Amino acid sequence: MTGLSAFWIEHFVLCRSGIPKCHRGFRRRMYGRRASQLLKEIDSSEAGQLAPFNSDVFDQVIRECNEHNSQFQSLIRKMVEQNLDIETTRNEDHYGAAIHHLSLLRNKRCLMAYMYNRAEVIQSFRWKVGPVLPHDIQEKLHFSEKEYFKNHSAAIKSYISEMDIDLTVDMVPPKDTYIQVRVLEDIGEVSLGDHSVSLTKNSLHFLRRTDAEQFISQGLMEEFLE
Amino acid sequence: MSSWDDDDSAAAAATDVELLKRAWRNEKAAPEILRFDSPLVSRVREQIQLLEETLDDFADSGVDDLVVSLYQMDLDRTLFLLRSYLRLRLQKIEKYTMHISRSDDLLSRLSQQERRFAKSCAEIMEKHLEQSVLSKLPYGYDSVTRQSLSSTEDDMVPEPQLDTFVFCKTKSDVGAFQLDDIGEEVVDLVADDLYVLRYKSIKGLVEGGRIDLI
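Scoring rules and cut-offs
- Residues numbered from 1 in each chain as written.
- Chains lettered and ligands numbered in written order.
- Predicted model: local features only at pLDDT ≥ 70, side-chain atom pairs only at ≥ 80, totals over all residues.
- Heavy atoms only, no water.
- UniProt positions renumbered as here; feature names shortened; annotations may be inferred.
- Helix = DSSP H or I, 4+ residues; strand = E, 2+ residues; numbered from the N terminus.
- Buried < 20%, exposed > 50% of the residue type's maximum accessible area, 1.4 Å probe, protein only.
- Contact = heavy atoms within 4.5 Å.
- Buried area = accessible area lost by both parts, 1.4 Å probe.
- Salt bridge = Lys/Arg side-chain N within 4 Å of Asp/Glu carboxyl O.
- Polar contact = N/O pair within 3.5 Å; in protein donor to acceptor, adjacent residues only side chain to side chain.
- Pairing = 2+ DSSP bridges.
- Patch = residues over 30% accessible without salt bridge, like charges linked within 9 Å, V, L, I, M, F, W, Y side chains within 5 Å.
- Areas by Shrake-Rupley, 256 points an atom, 1.4 Å probe, with all protein chains shown as cover.
- Lys, Arg positive; Asp, Glu negative; His and termini not counted.
- Charge placed at Lys NZ, Arg CZ, Asp CG, Glu CD.
- Core = buried A, V, L, I, M, F, W, Y, C linked by side-chain atoms within 4.5 Å.
- 1 Å grid on protein atoms, 1.4 Å probe; cavity = no way out; pocket = protein on both sides within 12 Å on 5 of 7 lines; lining within 4 Å.
- Points joined across faces, edges and corners; volume = space filled by probe spheres on them.
- Nonpolar A, V, L, I, M, F, W, Y, C, P; charged D, E, K, R; others polar.
- Axes fitted to C-alpha atoms, helices over the stretch in contact; angles between N-to-C directions.
- Parallel < 35°, antiparallel > 145°, perpendicular 65-115°, else oblique.
- Left-handed = near helix turned anticlockwise from the far one by under 90°.

Labelled according to an unreviewed UniProt entry, chain B appears under the name DNA replication complex GINS protein SLD5, originating from Miscanthus lutarioriparius. Word for word, the UniProt comment on chain B under Subcellular location (unreviewed entry) is "Nucleus". If you open the UniProt record of chain B and go to Function (unreviewed entry), you find "The GINS complex plays an essential role in the initiation of DNA replication."

Under an unreviewed UniProt entry, the name given to chain A is GINS subunit domain-containing protein, and the source organism is Miscanthus lutarioriparius. According to UniProt, the comment filed for chain A under the heading Sequence similarities (unreviewed entry) is "Belongs to the GINS1/PSF1 family." Quoted verbatim from the Subcellular location (unreviewed entry) field of the UniProt record, the comment on chain A reads "Nucleus".

Written out as structure tokens, the structure reads:
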């Protein structure tokens, strides 16, 4: 625990001026239980899906962390005031402080895992959905996650333009040169190659895959699979 | 159009596409990011351009539809391989952005553009985590890579699992090969045989091109 002790001393010395009054302490409940709720949420979501951001539980866990911290500080202060050597003393205050420290760490890891796993799903949205997220997904995001998606998409866009090759199309190996498509919105007369096609809503066409792709990626057409 | 020229260029193109296919398969199966094959990618891009120009010529000169669609298919397949290869790598960088940014060895495996992407990714992720979580935690617990000030090393960076099992095929005789550090497990690797091994043990062989992942 020597690394721990060094930290305590530094922490205590630096925070000495602002140590808050000792809280009444936690009610009788297991530490870390709320944090594991967040993890359960991640675990029970289907792959590639996001539940709405649970700001209630998230904020509660943050509050718990700060409570652990103030409990921890007051225990250390108590030991220092009793002129005990923090590095070597092993009394109930030492162990109490250790528990608060470790609980804080556990909460931190859970919070980070929650954000990080959600961020991974958000990354996948750029590839699966596109640069603009539909409203029902946006609703589930924390404001920082919305910013993250925007910045991350911009980074991908920057790479794509540097390389001059679009990586967001061609996601599935090509099977046929021609595919059957169903038009989703009225596009009108389009000239493809040496003939023109009238792309009206709900019409079926047999087009070259490369011609159809630009419409499919914009959501104006979809591949008609039987 | 001389048919000899066609055959030669077709043969050369097949070799590069075969190489790209191999690089793509290895990248798909390996848990960590492999070395970027810059010359191969440049050559493939040139050939793609050549194919596109040939197709344009065909459109103008009214070549038989069947021939056109064969060339088009070839182009589509090559384009897909290239895009998928680059995409796989980008997605690995996305996933292990902090781990890659801290390792000079891993950074050296990336192309210049990938390196810039990796740097942006890491910065964006850090900013997001700081904004949403770390800024609200007490002093001493607010590092992105360490649990707290008392951590002796960066203990919060996700890393790929290098000891995953992978299917692989030897290209030539390797002979007796040591699988682990202590020298207890030794396997005799014969040419053209299929094996299921831990990626970590054969990492060096994959880099040297003596074994392919499937």
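Turning next to the UniProt feature "domain: GINS subunit" (unreviewed entry) in chain B. Residues annotated by UniProt as "domain: GINS subunit" (unreviewed entry) correspond here to residues 66-132 of chain B. In residues 66-132 of chain B, the share of helix is 90% and the share of strand is 0%. The end C-alpha atoms are 57 Å apart.

This brings us to the side chain of His142(A). When you line up the elements, His142(A) lands in the loop between helix H5 (135-138) and helix H6 (143-163). By relative accessible area, which is 14% here, His142(A) ends up buried. Each residue touching His142(A), except ones within four places of it in the same chain, is listed here: Phe53(A) and Ser132(B).

Of the residues lining the interface, 49 residues belong to chain B; the matching set on chain A comes to 53 residues. Across the chain B/chain A interface, buried area totals approximately 4900 Å², and carbon plus sulfur atoms make up 64% of it. It is Arg83(B), His128(B) and Tyr141(B) that lose the most area in chain B upon contact with chain A, and together they represent 14% of the buried surface on that side. The interface formed by chain B and chain A holds three salt bridges in total. Remark: the boundary between chain B and chain A carries 18 residue pairs in polar contact (both at pLDDT 80 or more). Of all the secondary structure elements, the ones that give two or more residues to the side of chain B that touches chain A are helix H3 (65-95) and helix H6 (112-132) of chain B.

So, about the pairing of strand S1 (residues 178-183) of chain A. All names here are of chain A. The two faces of S1 differ: Ile179, Val181 and Val183 on one face are buried, but Tyr178, Gln180 and Arg182 on the other face are not. Sheet topology places S1 next to strand S4 (residues 204-208); five bridges connect them, and they run antiparallel. Following the sheet pairing, Tyr178 is matched in S4 by Arg208.

Turning next to the UniProt feature "domain: GINS subunit" (unreviewed entry) in chain A. With numbering matched to this structure, UniProt assigns "domain: GINS subunit" (unreviewed entry) to residues 78-163 of chain A. Between the end C-alpha atoms of residues 78-163 of chain A the distance is 61 Å, and the span holds 77% helix and 0% strand.

On to a negative patch on the surface. On the surface, Glu52(B), Glu53(B), Asp56(B), Asp57(B) and Asp60(B) cluster together into a patch of negative charge. With respect to the secondary-structure elements, Asp56(B) resides in helix H2 (residues 38-61).

With that out of the way, let us pick up the nonpolar core. In this structure, Phe58(A), Leu111(A), Leu167(A), Tyr85(B), Leu86(B) and Phe117(B) are the most contacted members of the largest nonpolar core, which totals 75 residues. Per element, the largest residue contribution to this core is 13 residues, and it comes from helix H4 (residues 92-128) of chain A. Residues within four places of Leu111(A) in sequence aside, it is in contact with Leu38(A), Phe58(A), Val61(A), Ile62(A), Cys65(A), Val133(B) and Leu137(B). Counting 15 residues, the second largest nonpolar core, distinct from the first, contains Cys168(B), Phe177(B), Tyr195(B) and Leu197(B).

All right, on to the layout of surface pockets then. Residue and element names in this part refer to chain A. The computed volume of the largest pocket comes to approximately 920 Å³. At the level of secondary structure, the elements contributing two or more residues to the lining of the largest pocket comprise H4, S1 and helix H7 (209-217). With six residues, H7 is the single largest residue contributor to the lining of the largest pocket. The class makeup of the residues in the lining of the largest pocket is 13 nonpolar, six polar and ten charged.

Okay, the packing of helix H3 (residues 55-81) of chain A against H4(A) next. All names here are of chain A. As a packed pair, H3 and H4 sit with axes 9 Å apart at the nearest point and diverge in direction by 155°. As summarised for this structure, H3 and H4 are arranged roughly antiparallel, according to the angle between their axes. The way H3 lies across H4 gives a crossing that is left-handed. Looking at the contact of H3 with H4, its residues break down into 13 nonpolar, nine polar and three charged.

It is worth spelling out the sheet that holds S4(A) at this point. Residues and elements named next belong to chain A. Spatially, three strands are ordered S4-S1-S5 in an open sheet, and the strand pairing comes out antiparallel. With one partner strand each, in any of the chains shown, S4 and strand S5 (221-223) form the two edges of the open sheet. Taken pair by pair, the neighbouring strands of this sheet meet at an average axis angle of 40°, ignoring direction. Across three bridges, S1 lies against S5 in antiparallel orientation. Across the sheet, Arg182 pairs through a bridge with Glu222, a residue of S5.

Further remarks concern the sheet that holds strand S4 (residues 194-198) of chain B. Residues and elements named next belong to chain B. Spatially, S4-S1-S5 is the arrangement adopted by the three strands of the open sheet, whose pairing is antiparallel. Since the sheet does not close on itself, it has two edges, and those belong to S4 and strand S5 (211-213), each with one partner. Looking at each pair of strands side by side, their axes are set apart by 40° on average, direction ignored. In this structure, strand S1 (residues 165-170) lies alongside S4, joined through five bridges in antiparallel fashion. Of the residues in S4, the one forming a bridge with Phe165 is Arg198.

Moving on, we get to unusual backbone geometry. Residue and element names in this part refer to chain A. Positive phi, normally seen in glycine, also occurs at Asp164, with a value near 60°. With respect to the helices, strands and loops of the structure, Asp164 is situated in the loop between H6 and S1. Positive phi values are uncommon outside glycine, yet Asn202 reaches one of about 70°. Among the secondary structure elements, Asn202 is positioned in the loop between strand S3 (195-199) and S4.

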